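# Structural description and commentary
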Amino acid sequence: MDSPRKSIHGQWSSRLAFILAATGSAVGLGNIWKFPYIAGENGGGAFVLIYLVCIAVIGIPIMMAEVMIGRRGRQSPINTMRALATEAKTSRAWVLLGWAGVLAGFLILSYYSVIAGWALAYVFRTGSGLFTGLTADGVQSIFTTLVSDPERLLAWHTIFITMTMVVVARGVRGGLEKAVKFLMPALFVLLFVLVGFAWNSGSFEQGIEFLFQPDFSKLSANGILIAMGHAFFTLSLGMGAIMVYGSYLPSGASIAKVSIAVSIMDTLVALLAGMAIFPVVFANGLEPGAGPGLIFQTLPIAFGHMEYGAFFGMLFFVLLVFAAWSSAISLIEPAVAWLVENRGMNRVMASVVAGFVTWLFGLMTVFSFNLWSEVKPMSGFEVFKDSTVFDLLDYLTANIMLPAGGLLIAIFAGWKMSRASSVDELAMGDRFFYPLWRFLVRYITPVAVIIVFLNAIGIF
Ligand code: TRP
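To keep things clear, this report deals only with the structure shown in the data block.

Calculation criteria
Residues numbered from 1 in each chain as written. Predicted model: local features only at pLDDT ≥ 70, side-chain atom pairs only at ≥ 80, totals over all residues. Heavy atoms only, no water. Near = heavy atom within 4 Å. Polar contact = N/O pair within 3.5 Å; in protein donor to acceptor, adjacent residues only side chain to side chain. Areas by Shrake-Rupley, 256 points an atom, 1.4 Å probe, with all protein chains shown as cover. Helix = DSSP H or I, 4+ residues; strand = E, 2+ residues; numbered from the N terminus. Core = buried A, V, L, I, M, F, W, Y, C linked by side-chain atoms within 4.5 Å. Buried < 20%, exposed > 50% of the residue type's maximum accessible area, 1.4 Å probe, protein only. Contact = heavy atoms within 4.5 Å. Patch = residues over 30% accessible without salt bridge, like charges linked within 9 Å, V, L, I, M, F, W, Y side chains within 5 Å. Salt bridge = Lys/Arg side-chain N within 4 Å of Asp/Glu carboxyl O. Axes fitted to C-alpha atoms, helices over the stretch in contact; angles between N-to-C directions. Parallel < 35°, antiparallel > 145°, perpendicular 65-115°, else oblique. Left-handed = near helix turned anticlockwise from the far one by under 90°. Nonpolar A, V, L, I, M, F, W, Y, C, P; charged D, E, K, R; others polar. Phe/Tyr/Trp six-rings, centres within 6.5 Å; stacked < 30°, edge-to-face > 60°. Lys NZ or Arg CZ within 6 Å of the ring centre and 35° of its normal.

## Focus on the site of the ligand
Near the ligand, the surroundings consist of 17 residues, among which Gly30, Tyr112, Phe233, Ser236 and Ser330 are the closest. Note that an oxygen atom of the ligand is positioned 2.5 Å from one of the side-chain N or O atoms of tyrosine 112. Relative to its unbound accessible surface of 370 Å², the ligand loses 100% to contact with the protein. Where the shell around the ligand is concerned, the elements lending two or more residues are α1 (15-26), α2 (29-41), α5 (95-127), α10 (221-234) and α14 (309-342).

## Some remarks on the side chain of histidine 9
Considering the arrangement of structural elements, one finds histidine 9 in the segment before α1. Within polar-contact distance, the side chain of histidine 9 engages the side chain of glutamate 341 at 2.8 Å.

## Topic: the nonpolar core
Trp33, Ile69, Trp118, Phe296, Phe316, Phe317 and Trp437 are the most contacted members of the largest nonpolar core, which totals 167 residues. Once residues lying within four places of it in the same chain are set aside, the contact partners of phenylalanine 316 are Ile32, Leu190, Leu191, Leu194, Leu299 and Phe303.

## Re a nonpolar patch on the surface
Where nonpolar side chains cluster on the molecular surface, the patch consists of Trp415, Phe439, Tyr443 and Ile444 and spans about 380 Å² of accessible area. Sorting elements by how many residues they give to the nonpolar patch places helix α18 (residues 433-456) first, with three residues.

## Observations concerning unusual backbone geometry
The phi torsion of most residues other than glycine is negative, and most of the peptide bonds are trans. Its identity as a non-glycine residue notwithstanding, arginine 74 has a phi of 55 degrees, on the positive side. Checked against the element boundaries, arginine 74 lands in the loop between α3 (45-73) and α4 (77-87). For arginine 74, a relative accessible area of 3% puts it in the buried group. For tyrosine 308, which is not glycine, the phi torsion reads 55 degrees and is therefore positive.

## Here we look at the packing of helix α17 (residues 419-426) against α18
In contact at an axis separation of 11 Å, α17 and α18 are set at 125 degrees when each is read in the N-to-C sense. As summarised for this structure, α17 and α18 are arranged oblique, according to the angle between their axes. α18 is crossed by α17, and the crossing has right-handed handedness. Listed contacts from α18 to Arg419, Ser422, Val423 and Leu426 of α17 are Tyr434, Trp437 and Arg438. Along the lines of polarity and charge, the residues of the contact of α17 with α18 split into four nonpolar, one polar and two charged.

## Examining the packing of aromatic side chains
Applying the stated criterion across every chain yields a total of 36 aromatic pairs. An angle of 55 degrees between the planes, with centres 5.4 Å apart, marks the rings of tyrosine 122 and phenylalanine 317 as tilted. Taken together, the positions of tyrosine 122 in helix α5 and phenylalanine 317 in helix α14 put the pair 195 residues apart, joining distant regions of the chain. For the residue pair tyrosine 122 and phenylalanine 317, the accessibility class agrees, reading buried in each case. Judged by centre distance (4.9 Å) and plane angle (45 degrees), the ring pair of phenylalanine 210 and phenylalanine 278 falls under tilted. One end of the pair, phenylalanine 210, is in helix α9 (residues 204-212); the other, phenylalanine 278, is in helix α12 (residues 255-283), with 68 residues separating them in the sequence. Of the two residues examined, phenylalanine 210 and phenylalanine 278, each falls in the buried class. It is lysine 34 that lies over the ring of phenylalanine 233; its NZ or CZ is 4.3 Å from the centre. Between the NZ or CZ atom of arginine 442 and the centre of the ring of tryptophan 415, over which it lies, the distance is 3.8 Å.

## What about the side chain of histidine 157?
Turning to its location among the elements, histidine 157 is positioned in helix α7 (residues 150-170). On the basis of relative accessibility, which here comes to 0%, the residue histidine 157 falls in the buried class. At 2.8 Å, the side chain of histidine 157 and the side chain of serine 113 are in polar contact.

## A closer look at the packing of α5 against helix α6 (residues 136-147)
The relative placement of two packed helices comes down to the angle between their axes together with the axis-to-axis distance. Two elements in contact, α5 and α6, have axes whose closest approach is 12 Å; the angle formed by their N-to-C orientations is 130 degrees. By the angle class used here, α5 and α6 are oblique. The way α5 lies across α6 gives a crossing that is right-handed. Here α5 contributes Trp118, Ala121, Tyr122 and Arg125 to the contact with α6, which in turn contributes Ile142, Phe143, Leu146 and Val147. Here the contact of α5 with α6 is built from residues that sort into seven nonpolar, no polar and one charged.

## Thoughts on the pattern of salt bridges
On inspection of all chains with the given rule, the structure shows 11 salt bridges. Salt-bridge contacts for glutamate 425 lead to arginine 71; the nearest nitrogen and oxygen are separated by 2.7 Å. Note that glutamate 425 is positioned in helix α17 and arginine 71 in helix α3, a separation of 354 residues in sequence. We classify glutamate 425 as buried; its relative accessible area is 6%. Relative accessible area serves as the criterion here: at 3%, arginine 71 is assigned to the buried category. Arginine 152 is the salt-bridge partner of aspartate 149, the closest N and O atoms lying 3.1 Å from each other. Overall, the relative accessible area of 24% leaves aspartate 149 in the partly exposed class. Shared partners join several salt bridges into a network, and the residues in it are Arg5, Arg71, Arg72, Glu87, Asp424 and Glu425.

## Describing the environment of threonine 162
The residue threonine 162 is located in helix α7 in this model. What makes threonine 162 partly exposed here is its relative accessible area of 37%. It is 41 Å that separates the C-alpha atoms of threonine 162 and arginine 442, two residues lying 280 residues apart in sequence. Here threonine 158 takes part through its backbone oxygen, which lies 2.6 Å from a polar atom of the side chain of threonine 162.

This is how it looks when you write it as structure tokens:
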């Protein structure tokens, strides 16, 4: 039995197109900017191990659930949740999950865009040869100069939001789908080049040890929550992005296979980024826990000392911008799809509205690195004592909203939707893999998320 619904927004041209778009969404700043710096702040190996376990037992089953719900509903997450809740004869309150996702998308994109702006700025800084021969101190001061200037950050943020609006306005199947096909492999190759450089940095072993040798004494309960939150963030889960992409997926495609393919590619990119960065960190006596500026303070050292470094550096940041761009569009697609469905807007108008809201929220992050750098709104709590507004936004979205959204998605897919619907939509046969998935989303995933939450607030 095929699902009777059709999406008014169109469909991916093929299964491969979906994989590219979903990989485009998953692979982004999360892998290259965020993963290394949070792994560095949380002690390395043990954190990485927990993150990998979360990808496998929480991330992949939830990705399958999101794609499945999206394809069955074939509308924006808000309307999909309404339709499927009605179909399952359960509470209409499930639409709130769609709304929470839209809010999370705005909040995440608001800071994501500011960081993508840094990457844009670095295209020019590396390309002009500014880093050639510089020491760690010189590289660090260039970063500090950039982020302490609110006007510059605002300008780059505005440019990046505009870029995102343009692509979203033209529809997901336009240019970016094609571009991602070339850019993702190129990013891979360039990461290998960087790992090659790290290999010769003199501290390769130390970097690898830091990343892959678990030392659980360095991992706090809060660190475990951050690792789990990142598994959601990096796979674009918990807010409806993958759900809305799933709603454009052709009916015949195997949801399990595409989800696993996307997760593996995403994980590889993150690990490669870590392997490129930490050797450089140790070779130059830098701090692994340097925070959000980590890649901007380490990779330019590598580019500054390799042959054709200005060229490779520029290429790297161009690719990073593209990776961020193809992720950013998925963060407002749920909102845009809803505006088109329920407010009768065309995609252009919907993109402008969604882009403007995000741009406004983005000011909080712009100021967090300069005018408000001493504003620590939750300093009364030990874990948040040094957190800026940006840190709190990131924490709230990645570590609370996404896992909570994922938890509800798992409960909906495992307990509310009928078994017949999910058997039908996943089409994995009834032998081993379907029961395994169902067991994971019904029991393992929800329990794991709840335990990690309780653990982080010290109850468990
Ligand atoms: N996964 C992207 C990254 O790692 C970011 C992203 C895109 C995202 N869409 C999302 C994160 C939806 C959470 C939810 O850079």
